[in-house]
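Structural characterization, general
Below are the chains, spelled out letter by letter.
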Number of protein chains: 2
Amino acid sequence: MSQPPPLRVRFDDPDCADGAVQPFRVGDKWTGVVLRCLEDGAARRFGELRAALPRVTPKVLTETLRSMERSGFLTRTAYEENPPRVEYALTALGRSLLGPLDTACAWARAHGAEIGDARAAHADDRPVA
Amino acid sequence: MSQPPPLRVRFDDPDCADGAVQPFRVGDKWTGVVLRCLEDGAARRFGELRAALPRVTPKVLTETLRSMERSGFLTRTAYEENPPRVEYALTALGRSLLGPLDTACAWARAHGAEIGDARAAHADDRPVA
DNA sequence: CGGAATCCACTGCGATACTG
DNA sequence: CAGTATCGCAGTGGATTCCG
């Protein structure tokens, strides 16, 4: 496991109705991994992303990419050729997410075992009362 | 809006089957806000948390607290009195989450408007093809 | 006071199959 | 190649009601 685990991070604000901010949510299940696939700044084709993420079905990958595009995290460029070619690349906004993502991944790597232990310890808790 | 928006952050690893790591997931909808309520290290009673989080129903608050307890983020202390009293307080592990949470919140505050703009701009996109 | 029990709606997301 | 169309389930989390 030399690769850092492909950790997922979500940023959402479910609570904005209390404040004045717009509902705000970023990060579906595969957003983080897609971000990592594109982190070097190079454009990648749909098929390359599929190959890199074999466990993501094309439907879900498309949904993820479209959602990230709508939020301004990446650009989608379709070349009108045959066979078709579509390329995805991070925007500056998308790249700005890599920092927080790394922070979260570092935390998870540092404390993941501890959490696992805690959960294991509580596994044989009888409902106390 | 002097208060920072109570941002939610999730850390999950949906992709662990690829690697050698245990499935790992942290952060349901209200975990972040509960963490913030307890960030000063003081213990708080169930009712205090309820009052601070009026939009969370008691059922969901209980679920959140139990889940955080199982993961080792906080301790639950029940005093056998009448009327009953139960106090929740962060553990060191729970406190260690505050850093990444702050990082994420800072990012969200810095770029939230940008995301909103991008989404608004894409709102009147006709499905291109 | 601090929950538990029950019911239910939504939607994320996976499987499968088909297409310009 | 780069998707779309359909289906369906399981998990989240909200509303409501009741309990020791």
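Let me sum up the structure you'll find in this document.

Conventions used here
Residues numbered from 1 in each chain as written. Chains lettered and ligands numbered in written order. Predicted model: local features only at pLDDT ≥ 70, side-chain atom pairs only at ≥ 80, totals over all residues. Heavy atoms only, no water. Phe/Tyr/Trp six-rings, centres within 6.5 Å; stacked < 30°, edge-to-face > 60°. Helix = DSSP H or I, 4+ residues; strand = E, 2+ residues; numbered from the N terminus. Buried < 20%, exposed > 50% of the residue type's maximum accessible area, 1.4 Å probe, protein only. Lys NZ or Arg CZ within 6 Å of the ring centre and 35° of its normal. Contact = heavy atoms within 4.5 Å. Near = heavy atom within 4 Å. Polar contact = N/O pair within 3.5 Å; in protein donor to acceptor, adjacent residues only side chain to side chain. Axes fitted to C-alpha atoms, helices over the stretch in contact; angles between N-to-C directions. Parallel < 35°, antiparallel > 145°, perpendicular 65-115°, else oblique. Left-handed = near helix turned anticlockwise from the far one by under 90°. Nonpolar A, V, L, I, M, F, W, Y, C, P; charged D, E, K, R; others polar.

Examining the packing of aromatic side chains
The final tally for this structure, using the stated rule, is 2 aromatic pairs over all chains. Considering the side-chain rings of Phe73(A) and Trp107(B), the 6.3 Å spacing of their centres and the 50° angle between planes classify their relative orientation as tilted. Of this pair, Phe73(A) sits in the loop between helix H3 (58-70) and strand S4 (74-79) while Trp107(B) sits in helix H5 (residues 98-123), on two different chains. Like Phe73(A), the residue Trp107(B) is buried in the burial classification. Note that Arg85(A) overlies the ring of Tyr79(A), its terminal NZ or CZ placed 3.9 Å from the centroid.

Points about the side chain of Thr91(B)
Residue and element names in this part refer to chain B. The topology assignment puts Thr91 in the loop between strand S5 (85-90) and helix H4 (92-96). Given the relative accessible area of 18%, Thr91 is considered buried. If we ignore the near neighbours within four places in the chain, the residues touching Thr91 are Gly72, Phe73, Leu74 and Thr75.

A short note on the protein's contact with DNA strand C
Near DNA strand C there are 21 residues, and of these Lys29(A), Lys59(A), Arg66(B), Arg76(B) and Tyr88(B) occur at the shortest range. Counting only the atoms of DNA strand C that lie within 4 Å of the protein, the sugar and phosphate share comes to 71%. Contact between DNA strand C and Lys29(A): a phosphate oxygen at 2.5 Å from a side-chain N or O atom of the residue. Measuring from a phosphate oxygen of DNA strand C, one finds a side-chain N or O atom of Arg45(B) at 2.9 Å. For the surface near DNA strand C, the secondary structure elements donating two or more residues are strand S1 (8-13) and H3 of chain A together with helix H2 (46-52), helix H3 (58-70) and S5 of chain B.

Remarks on the packing of helix H5 (residues 98-123) of chain A against H5(B)
The interhelical angle for the contact between H5(A) and H5(B), taken along N-to-C directions, is 170°, at an axis separation of 9 Å. The angle between H5(A) and H5(B) places the two elements in the roughly antiparallel class. Crossing handedness for the pair H5(A) and H5(B): left-handed. Contacts from Pro100(A), Thr103(A) and Trp107(A) of H5(A) reach H5(B) at Pro100(B), Thr103(B) and Trp107(B). Of the residues in the contact of H5(A) with H5(B), the class split is 4 nonpolar, 2 polar and no charged.

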